[in-house]
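Read off the chains here:
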Amino acid sequence: MLKTLPPALTPDLLWILAAMGHGDRLVLANANYPAYAWHARHARTVPLPGVSLVEAARAIAQLMPVDDLAEAPVHHMVADGERDEVLAVHRDVQQVLEAAECRPVAMKPLSRAEFLELAATAFATVHTTDNRPYGCFVIAKGVVRNP
């Protein structure tokens, strides 16, 4: 443990966040996401046992800027045919990202198949133990700007 770093920021996750470049994508997934069966053949998977999506999003958002050039830098999974439904888990993660960015952050809904296709292009997956359904996100990394 290090002072002031949330326990969710494991050494593997810190390396991934530092290694990612502008526009690279990070999957933030719930416990139901097939991170090892599906995504492991595409990129690294970082397990965060006992960590909720909100805790993971808050820790990640402290270090990783969200892309401000993309129209929708965040995508989230929705049930097929339910593109207009915004679940509590979607609002929770969006609030965390917007608070960290001090600006609105657009999120685009994707069906499960569309989400898995986009997730296959991600740099890495962060696999939480949050069990809320459709709590899966793809977040594009932005750039750090000098103040």
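Residues numbered from 1 in each chain as written. Predicted model: local features only at pLDDT ≥ 70, side-chain atom pairs only at ≥ 80, totals over all residues. Heavy atoms only, no water.

Notes on the overall build of the chain
Looking only at helices and strands, the chain has five helices and six strands in total. Shown N-terminal to C-terminal, the secondary structure of the chain runs as helices and strands in the order α-β-α-β-α-β-α-β-α-β-β. Computed over C-alpha atoms, the radius of gyration of the chain comes to 14 Å, within 12% of the 15 Å expected from 2.2 N^0.38 for 147 residues, which places it in the range of a compact globule. For the chain, the spread of C-alpha atoms along the three principal axes comes to 45 × 30 × 25 Å. Sorting the 147 residues of the chain into buried and exposed places 46% on the buried side. A separation threshold of at least 6 residues defines the contact pool for the chain, and within that pool the share at least 24 residues apart is 88%. Accessible area of the chain: about 7,700 Å², with a carbon and sulfur share of 54%. Positive and negative side-chain charges in the chain, numbering 13 and 16 respectively, have mean positions lying 6 Å apart. (Helix = DSSP H or I, 4+ residues; strand = E, 2+ residues; numbered from the N terminus. Rg over C-alpha atoms; globule rule 2.2 N^0.38 Å. Buried < 20%, exposed > 50% of the residue type's maximum accessible area, 1.4 Å probe, protein only. Contact = heavy atoms within 4.5 Å. Areas by Shrake-Rupley, 256 points an atom, 1.4 Å probe, with all protein chains shown as cover. Lys, Arg positive; Asp, Glu negative; His and termini not counted. Charge placed at Lys NZ, Arg CZ, Asp CG, Glu CD.)

A short note on the side chain of His 127
Mapped onto the fold, His 127 is located in strand E5 (residues 124-128). A distance of 3.2 Å separates a polar side-chain atom of His 127 from the backbone oxygen of Tyr 33. (Polar contact = N/O pair within 3.5 Å; in protein donor to acceptor, adjacent residues only side chain to side chain.)

Section: the confidence of the model for the chain
Model confidence for the chain is summarised by a mean pLDDT of 90, while 93% of its residues fall at 70 or above. Looking at the elements of the chain, mean pLDDT is at its lowest for helix H2 (residues 35-39), recorded as 63, and at its highest for strand E6 (residues 137-140), recorded as 98. (pLDDT = per-residue confidence, 0-100.)

Here we look at the packing of helix H3 (residues 53-63) against helix H4 (residues 88-101)
As a packed pair, H3 and H4 sit with axes 9 Å apart at the nearest point and diverge in direction by 20 degrees. Between H3 and H4, the angle is such that the two are roughly parallel. Note on packing geometry: the crossing formed by H3 with H4 is right-handed. Contacts between H3 and H4 involve Leu 53, Val 54, Ala 57, Arg 58 and Ala 61 on the former and, on the latter, Val 89, Asp 92, Val 93, Val 96, Leu 97 and Ala 100. Here the residues of the contact of H3 with H4 are counted per class, giving nine nonpolar, no polar and two charged. (Axes fitted to C-alpha atoms, helices over the stretch in contact; angles between N-to-C directions. Parallel < 35°, antiparallel > 145°, perpendicular 65-115°, else oblique. Left-handed = near helix turned anticlockwise from the far one by under 90°. Nonpolar A, V, L, I, M, F, W, Y, C, P; charged D, E, K, R; others polar.)

Describing the pairing of strand E3 (residues 74-77)
Of the two faces of E3, both are covered, the one formed by Val 74 and His 76 as well as the one formed by His 75 and Met 77. Here E3 pairs with strand E4 (residues 107-110) via four bridges, running parallel. When the bridges of E4 are listed, His 76 appears paired with Pro 109. Between E3 and its parallel partner E4, the chain crosses via H4, and the hand of that crossover is right-handed. Examined bridge by bridge, E3 and E6 share three bridges and lie antiparallel to one another. Pairing of His 75 across the sheet is with Val 138, part of E6. (Pairing = 2+ DSSP bridges. Right-handed = clockwise from strand over helix to strand, strands pointing away.)

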